[in-house]
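Okay, here's what each chain looks like letter by letter:
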Amino acid sequence: MERKLIIEDFGKIKKAEIDISPLTLFVGDNNSGKSYLLSLIWAIYAAERNSVIFRDVMEVLVEEYAQVYQDLYDCISKVKEGEKQEIKIPSSVFVEILNKLLERNKDKFVAGIFNSEQVTIGKLAVVLEQEFEVAIAVKNTDDAMEVSCKEGHFSAVFHGKNIKEDVGFVTEKVVEGILRWFFKGATGLHDRSTVYLPAARTGFMLAKNVINKVGRQVAYDVTDFEDREEIQPFTKPIIHFLNMIEELKLDYKTEYGEIIEWMETVMAHGRIRYGNELNGREIRYLPDGSEQSLPLRTTSAVVTELTPLLLLLKYRRSLKAICYEEPEMCLHPGLQQEMGKLLVRLVNHGLSMIATTHSDIIVQHINNMCRLKEMDAPGELLEKLGLTEEDVISLEKVAIYQFTDLGEYSTVEKLIPIEGQFQVRTFSNALMEILEQTSEIQDFEGE
């Protein structure tokens, strides 16, 4: 399913049309709305079953889509035991219902992301690129009712003797499940499979033991917005980040072993250790060639910046997408290129990566990898460049959005590759300005 998110009047963003690719980059001016939009994308992917967006599902169904509700209700209630029945509903109907819910609840949804009623959004809507039929199958057994929708990868089993008498409840939950799929726009992205790495991750990592979990929820998460002037709450993505670090399963082995080994060898030049019998869940760093590990607070900024991602890849049980603020933070240009390589490898390993960045080096590396993929570069060339097949990526998997600050508001434009390359104006313009300045200085010296 290909769909776009339509966003208007959100922070400094005047209007944006966003479709998320496996590798999506937000580039452009400072204070132009990139982090705002990244937070919104995270919240959409992480939307829980009880999200404020879906609170009025039954009300909207009964008041405005009574026939759709009745048809689905009849399909569920009249299916005979041991049989299977199917109903088809146009995708446009579900999109209409979802957009009505978004119009009702968008401000509450956004206020919840930022823990502030002052943050609002003019429009949040979903548009499908192509319509299709949504087939909903209902199967009745002795003690359960199974409802599935292959298009939405939705499947639910309702148990209990009285469940067949509460058909309204089943109908509501089926519609809600399908709407979540249209809202998230990707398969497999449930509320705990998407994580957020904030720009201030180093500070939060070093302070995580001080900002304990109980204090985090009580002092930094506002639900009713009372007394909000007396406290300074964190945003939901930051609270989620801190909770995620505390909830890592240290006995769980992920499938990212080779990528972790490469990161620690090439980028961190040492091993990250989290938790042992002596110091509980303390994070320590073991430099290459040393037998003595160090507490994280004594290590370099490169190590503290890479640590959250390393911990995720090592211990996160469920991981489908990462929203990454400025992955180049504290990295030397050489390591920025390695970060570009890492982003591509993670995407090729099945992760969705959505990142904000000011790094022209990362963008150029991705351009190079797209070019190599397009020209079907032979193994000899890849080997000469120190690359493998997992380092190249097709243009179809990459989307780059240019944010331009125009003062009172920002524009957001999806960049179209030219001759297989993404050309970021803010990067090239800044480079041309510094080159012109250098040229002027050299001319003056010559005179």
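Thresholds applied
Residues numbered from 1 in each chain as written. Predicted model: local features only at pLDDT ≥ 70, side-chain atom pairs only at ≥ 80, totals over all residues. Heavy atoms only, no water. Buried < 20%, exposed > 50% of the residue type's maximum accessible area, 1.4 Å probe, protein only. Helix = DSSP H or I, 4+ residues; strand = E, 2+ residues; numbered from the N terminus. Pairing = 2+ DSSP bridges. Core = buried A, V, L, I, M, F, W, Y, C linked by side-chain atoms within 4.5 Å. Contact = heavy atoms within 4.5 Å. Axes fitted to C-alpha atoms, helices over the stretch in contact; angles between N-to-C directions.

1. Digging into the pairing of strand β3 (residues 23-28)
Logical step 1: Of all six residues in β3, six are buried, a share of seventy percent or more.
Logical step 2: Of the two faces of β3, the one holding Leu23, Leu25 and Val27 and the one holding Thr24, Phe26 and Gly28 are both buried throughout.
Logical step 3: As paired strands, β3 and strand β14 (residues 352-357) are joined by five bridges and run parallel to one another. Counted as the bridge partner of threonine 24 is isoleucine 354 from β14.

2. Considering the nonpolar core
Logical step 1: Core analysis: the biggest nonpolar cluster contains 71 residues, and Leu40, Phe109 and Ile136 have the highest contact counts within it.
Logical step 2: Examining the composition of this core, we find that 11 residues originate from one element, helix α4 (residues 91-114), more than from any other.
Logical step 3: Discounting chain neighbours no more than four positions away, the residues touching isoleucine 136 are Leu72, Gln85, Glu86, Ile87, Ile89, Phe94, Val147, Ser148, Val174 and Ile178.
Logical step 4: The next biggest cluster of nonpolar side chains, apart from the first, holds 68 residues, and it includes Val27, Trp262, Val303 and Leu313.

3. Brief notes about the sheet that holds strand β16 (residues 410-414)
Logical step 1: Pairing within the open sheet is mixed, and its nine strands lie in the order β5-β1-β2-β16-β15-β3-β14-β13-β9. Only two strands of the sheet have a single neighbouring strand rather than two, namely β5 (121-128) and β9 (194-197). Strand-to-strand twist in this sheet, taken as the mean axis angle between neighbours without regard to direction, amounts to 15°.
Logical step 2: Looking at chain direction, strand β2 (residues 13-18) and β16 are connected through two bridges and run parallel. Bridge pairing in β16 places isoleucine 13 opposite serine 410.
Logical step 3: Along the sheet, helix α1 (residues 34-45) contacts β1 (3-10), β2, β3, β5, β9, β13 (321-325), β14 and β15 (398-405); its crossing angle with β1, the most-contacted strand, is approximately 130°.
Logical step 4: Against the sheet, α4 touches β1 and β5, its axis set at about 150° to β5.

4. Details of the environment of glutamine 85
Logical step 1: As for its placement among the helices and strands, glutamine 85 is situated in strand β4 (residues 84-90).
Logical step 2: Note on glutamine 85: relative accessible area 32%, which makes it partly exposed.
Logical step 3: In this structure, the C-alpha to C-alpha distance between glutamine 85 and cysteine 75, residues 10 residues apart in sequence, is 6.9 Å.
Logical step 4: Aside from chain neighbours lying at most four places away, what touches glutamine 85 is Cys75, Lys78, Val79, Ile136, Ala137 and Val138.

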